[in-house]
Amino acid sequence: MRNIAVIGVGYVGLVTAACFADLGNQVKAMDVSEEKIAKLRQNVMPIYEPGLAEVVDRNVSAGRLNFTTSYEEVLKNARFVFICVGTPSGVDGEADLQYVRQAAETIARTMTDPLIIINKSTVPVGTGDWVADIVRSNQPKPLSFSVVSCPEFLREGSALIDFMNPDRTVLGSLDRAAADEVAQLHLPLRAPIVVTDLRTAEMIKYASNAFLATKISFINEIANICEALGADVKEVAAGMGVDKRIGKFFLDAGVGYGGSCFPKDVSALKHMATVQGQHPQLLEAVIDINNFQRHQVLLKLQELLGQDLKGKEIGILGLAFKPNTDDMREAPAISVVRELVQAGAKVKGYDPVSMDVAKGVLNGLDYCNDPYSVASGSDAVVIMTEWNEFKNIDLQKLKDIMRQPIIIDGRNIYDPAMMKELGFHYRGFGRGYNGKSVK
Ligand SMILES: NC(=O)c1ccc[n+]([C@@H]2O[C@H](COP(=O)([O-])OP(=O)(O)OC[C@H]3O[C@@H](n4cnc5c(N)ncnc54)[C@H](O)[C@@H]3O)[C@@H](O)[C@H]2O)c1
């Protein structure tokens, strides 16, 4: 049992706190958001993440997990403090480190005992050293501390499973003894532990996310070529994915990646490279392809409905950037809806869990209570998120209530042949002839 403090109870911090408590540690978690902490104290989750409420409840009841808005309280008796605050995209894609700075300064002013400060937030290479400087220069009296980088690789929607079953734990520090202590904390997760220096650990996180984003943009480029040549990208991806050197994951063509990580992390890496005089042309292409995939929704609708979308009713199924989360950050649906509204279309939308969050970031569309209300009277329906609910939808009923049987499948969840048989004008991404003639 170890005493752990967690700063920031967002997607990463809350999962980190709940899971370390579940492993038998004594965990205190704090956030500057009084609203989030008040909710957590009533066992109301501030985010949607499958299974999270149960784990939080179990550990609060067992007395291993509690929540506070106070730095004094969270750091009391703590040996480890995890910084899990947001690092959003700032100017020119540069990571905005204001929250990391605030956390580091406040930790420095508040700590009363030697501490291991662990950066779990995704931060630009060199931030660990910068955090150490901030702590050193803000301590009222010198107290020993070490900074360890421990980037997080969990995916929203399966965050608890990912946290408890990581492929690896990456630890970076110039202080080997501190890294070893943090490694001990992670031993129950039974994953290989990679111990390296601070900057290399920070880079491993960016390189990993950039590689996964590249895989998505790669298959999207292949999808666009498939579409022109009459091949089916789903079968291409399946045929590629069985090759162990390639792997089957992150080869799903469609409207591209979104979320709180890939877009900002690829941009931040590109920015870091540019500042160093590099020319990150692959990263630029990854970003361009991803933006084009979103824009293709408009192009596909124009192909089927005519150039002028003014007054056309378009239904959007799925708003969150992926299933099993309510996270709307950088969701492809945001840019698609904005483009459609700008083109004069009337847009309706539905998502199984992200509607409340979506209402805060996305205006100009009518929010409906179910997929059929979205489809009713629509000239076209666009699938933006591959929720299971949409995979098993009653397509015949959907067709009967639509004004025109047009489906743009941004996640390739339906079979083109079946859609044709049902009488839909169907467009996936990279799905064979897609109804067009091939040169
Ligand atoms: N969300 C993911 O799937 C994911 C996965 C891996 C890594 N990451 C990285 O982890 C970090 C956190 O991401 P997130 O999605 O959990 O962010 P989030 O926005 O959901 O949560 C951040 C929390 O930090 C709090 N906060 C901000 N400043 C604070 C301060 N000074 N003191 C205390 N609390 C403060 C905010 O109120 C918020 O609740 C980011 O760097 C992100 O890139 C995220």
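Numbers given to residues run from 1 along each chain, matching the order in which its sequence is written. For a predicted model such as this one, the threshold for reporting local features is a pLDDT of at least 70, and the threshold for listing and counting side-chain atom pairs is 80 or more; totals across whole chains, interfaces and linings nevertheless cover every residue. Side-chain calculation: all heavy atoms of the structure are included, whereas hydrogens and water are not.

Peer 1: Account for the site of the ligand, with residues named and values stated.
Peer 2: Not every one of the 27 residues close to the ligand is listed here, only the nearest: Asp31, Tyr71, Thr87, Glu156 and Lys264. Within the backbone of Val12, one N or O atom sits 2.8 Å away from an oxygen atom of the ligand. Contacts to the ligand include Lys36, whose side-chain N or O atom sits 2.7 Å from an oxygen atom. Here the ligand, which alone exposes 830 Å², has 91% of that area covered by the protein. Any residue with a non-hydrogen atom lying within 4 Å of a molecule or strand is treated as near it. We define a polar contact as two N or O atoms separated by no more than 3.5 Å, with the added condition that, inside protein, one atom must be a possible hydrogen donor and the other a possible acceptor, whereas residues neighbouring each other in sequence contribute only through side-chain atom pairs. Note on areas: Shrake-Rupley with a 1.4 Å probe; residue coverage comes only from the protein chains shown.

Peer 1: Give me the lowdown on the packing of helix H5 (residues 98–110) against helix H6 (residues 127–138), citing residues and values where you can.
Peer 2: Interaxial angles span 0 to 180 degrees and are taken between N-to-C directions of axes, which are lines fitted to C-alpha atoms, for helices over the stretch in contact. In this text, helices come from DSSP runs of H or I with a minimum length of four residues, and strands from runs of E with a minimum of two, each type numbered from the N-terminal end. Closest axis-to-axis distance for the H5/H6 pair is 8 Å, and the angle between their directions is 40°. As far as their axial angle goes, H6 and H5 are oblique. Along this stretch, H5 crosses H6, giving a crossing that reads as right-handed. Of the residues in H6, those in contact with Val100, Arg101, Ala104, Glu105, Ala108 and Arg109 of H5 are Thr127, Trp130, Val131, Ile134, Val135 and Asn138. Within the contact of H5 with H6, the residues separate by chemical class into seven nonpolar, two polar and three charged. Oblique is the label for any angle not under 35 degrees, not over 145, and not in the 65 to 115 range, which are roughly parallel, roughly antiparallel and roughly perpendicular in turn. Helix crossings fall into two classes, left-handed where the near helix is turned counterclockwise from the far one by less than a right angle and right-handed where it is turned clockwise. By definition, residues are in contact when any of their heavy atoms lie within 4.5 Å. Put simply, Ala, Val, Leu, Ile, Met, Phe, Trp, Tyr, Cys and Pro go in the nonpolar bin, Asp, Glu, Lys and Arg in the charged bin, and everything else, Gly too, in the polar bin.

Peer 1: Quick one: what's the story with the packing of aromatic side chains, residue by residue and with numbers?
Peer 2: Two aromatic rings, taken as a pair, are described by how far apart their centres are and by the angle between their planes. Two rings from Phe, Tyr or Trp (for Trp, the six-membered ring) form a pair when their centres sit within 6.5 Å of each other. Planes less than 30 degrees apart are called stacked, planes more than 60 degrees apart edge-to-face, and all others tilted. Under the counting rule described, the total for this entry stands at five aromatic pairs. Ring geometry for Phe20 and Phe163: centres 5.4 Å apart, planes at 85°, overall edge-to-face. Of the two residues, Phe20 is situated in helix H1 (residues 11–22) and Phe163 in helix H7 (residues 159–164); the sequence distance between them amounts to 143 residues. Judged by centre distance (6.1 Å) and plane angle (45°), the ring pair of Phe250 and Phe262 falls under tilted. Placement of the pair is Phe250 in the loop between helix H10 (233–241) and helix H11 (262–275) and Phe262 in helix H11, with a sequence separation of 12 residues. Residue Phe250 is classed as partly exposed on the basis of its relative accessible area of 27%. Through successive ring pairs, a cluster of aromatic residues spans Phe20, Phe82 and Phe163. Two limits define a charge over a ring: the Lys NZ or Arg CZ must be within 6 Å of the ring centre, and within 35 degrees of the ring normal. Here the guanidinium or amino end of Arg168 rests over the ring plane of Phe153, the centre of that ring lying 3.6 Å away. Burial here depends on accessible area, computed with a 1.4 Å probe over protein chains only, as a share of the maximum for the residue type. Under 20% is buried, over 50% is exposed, and the range in between is partly exposed.

Peer 1: Account for the side chain of Ser217, with residues named and values stated.
Peer 2: Along the chain, Ser217 turns up in helix H9 (residues 198–229). Residue classification places Ser217 among the buried positions, given a relative accessible area of 1%.

Peer 1: Describe empty space enclosed by the protein, with residues and values.
Peer 2: Residues are called lining when one of their atoms sits within 4 Å of a cavity or pocket point, these points coming from a 1 Å grid over the protein atoms alone, where a cavity is a set in which a 1.4 Å probe fits but cannot get out and a pocket is an open set with protein on both sides within 12 Å along at least five of seven lines. Grid points are joined across faces, edges and corners, and a volume is the space filled by probe spheres set on the points. Here the structure, examined in full by the defined rule, presents one cavity of 30 Å³ or more. Its boundaries defined by the atoms lining it, the largest cavity holds a volume of some 40 Å³. Taken together, Asn119, Ser121, Thr122, Val123, Ser149, Pro151, Ala201, Glu202 and Lys205 make up the full set of residues lining the largest cavity. The greatest single-element share of the lining of the largest cavity, amounting to three residues, is contributed by H9.

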